[in-house]
Each structure stands twice: as structure tokens, then as C-alpha cells.
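# Report on the structure
So the chains spell out like this:
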Amino acid sequence: MKIKQKDNVIIIAGKDKGKTGKITRVFPKKDMVLIAGFNLKKKHQRARKSGEKGQIIDRPMPIHVSNVMIVDPDTARPVKTGRKLVGERFVRINRKSGKEI
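In every chain, residue numbers begin from 1 and rise along the written sequence. Under the rules for a predicted model, residues below a pLDDT of 70 receive no local features and side-chain atom pairs below 80 are neither given nor counted, while totals for whole chains, interfaces and linings still include all residues. The side-chain numbers reported here are obtained from all heavy atoms of the structure, hydrogens and water having been left aside.

Let's shift gears to the overall build of the protein. Labels follow the DSSP assignment, with helices taken as runs of H or I lasting at least four residues and strands as runs of E lasting at least two, numbered in each case from the N terminus. What the protein contains, in helices and strands, is zero helices and 10 strands. The helix and strand sequence of the protein, counted from the amino end, reads β-β-β-β-β-β-β-β-β-β. In terms of C-alpha radius of gyration, the protein reaches 18 Å, well past the compact-globule figure of 13 Å for 101 residues. Throughout this description, buried means an accessible area under 20% of the type-specific maximum (1.4 Å probe, protein chains only), exposed means over 50%, and partly exposed covers the range between. Here the protein, with 101 residues, has 26% of them falling under the buried criterion. Every residue pair with non-hydrogen atoms within 4.5 Å of one another is taken to be in contact. Residue pairs at least 24 apart in sequence account for 37% of intrachain contacts in the protein once pairs closer than 6 positions are excluded. Working definition of accessibility: Shrake-Rupley area with a 1.4 Å probe, residue cover restricted to the visible protein chains. As presented, the protein carries roughly 7,800 Å² of accessible surface, and 50% of it is formed by carbon and sulfur atoms. Lys and Arg are tallied as positive, Asp and Glu as negative. Neither His nor the chain termini are counted. The atom standing in for a charge is NZ when the residue is Lys, CZ when it is Arg, CG when it is Asp and CD when it is Glu. The protein carries 27 positive and 9 negative side-chain charges, and their two centres are separated by 6 Å. The quantity called the radius of gyration is restricted to C-alpha atoms. Its globule counterpart is 2.2 Å times the number of residues to the power 0.38.

This is the structure we're talking about:
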């Protein structure tokens with residue numbers, strides 16, 4: 001997966017299309033990412049104690065990794081990423097400009 005935790009991404013498909021946010025959690029086995037404050041679903045929570053009321057909570061749900069793109073920090077535009085061998089490790093690069101992300 002080319003996207004990591006704490007990356008700034010833009011959502012390119014779905015109900016939150018065009019919005020940008022930071023990835024809080026990555027699920028590599030499912031190819032999903034969690035972005036705080038986006039793709040919210042309502043969860044009905046039952047009362048836990050007697051006398052307490054139930055409530056409806058908005059919870060962020062994962063988005064498929066194909067529906068997000070990394071935002072280039074220099075241009076603030078979505079970019080395709082590649083990787084390049086620098087020394088003994090691979091680094092992520094912007095495929096258009098060749099700069100490190």
C-alpha cells in the first residue's frame with residue numbers, strides 16, 4: 001500500500017469527494033484507510049446503566065484506498081506516487097515531478 005498513517009489525502013470518490021484530511025489508521029489487509037471526521041455513519045448505542053438514555057453517535061468508517069490520493073505538500077494537489085531507491089531504502093516520490101513526498 002502506498003498510503004501511510006498521518007498522510008494528508010484528498011477523497012476522490014464518494015459522498016465526501018473533494019475534502020482533504022489526515023489518515024488516522026490504516027487497514028492493509030482490507031486495503032482501507034480511516035480519515036478522522038469523514039465517511040461518518042450513525043451508530044445507535046443502547047443505554048448502559050439504568051436511568052441512562054441511549055444515544056446516536058457519529059463514527060468514522062473506513063474508506064477504500066482507491067478512493068483517496070496523497071496531497072503533495074508543495075503544490076497542495078493530488079499526486080500519483082512511485083518509489084525510488086535512495087541508498088539502501090525506498091522512498092516515496094511524486095511521479096510527475098520526481099520529488100520526495
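Next, the rest of the story.
Centres within 6.5 Å make a pair out of two Phe, Tyr or Trp rings, where for Trp the six-membered ring is used; the pair is then stacked when the planes are under 30 degrees apart, edge-to-face when over 60, and tilted otherwise. One pass over the full model with this rule turns up zero aromatic pairs. Only when the NZ of Lys or the CZ of Arg is both within 6 Å of the ring centre and within 35 degrees of the ring normal is a charge said to sit over the ring. Directly above the ring of Phe90 sits Arg83, whose terminal nitrogen or CZ lies 4.1 Å from the centroid.

Quick look at the environment of Phe38 now. Structurally, Phe38 is set in the loop between β3 (32–35) and β4 (40–45). The class for Phe38 is buried, based on a relative accessible area of 15%. With 37 residues separating them in the primary sequence, Phe38 and Met1 have C-alpha atoms 20 Å apart. The residues contacting Phe38, other than those within four sequence positions of it, are Ile11, Asp16, Lys19, Thr20, Gly21, Pro60 and Met61.

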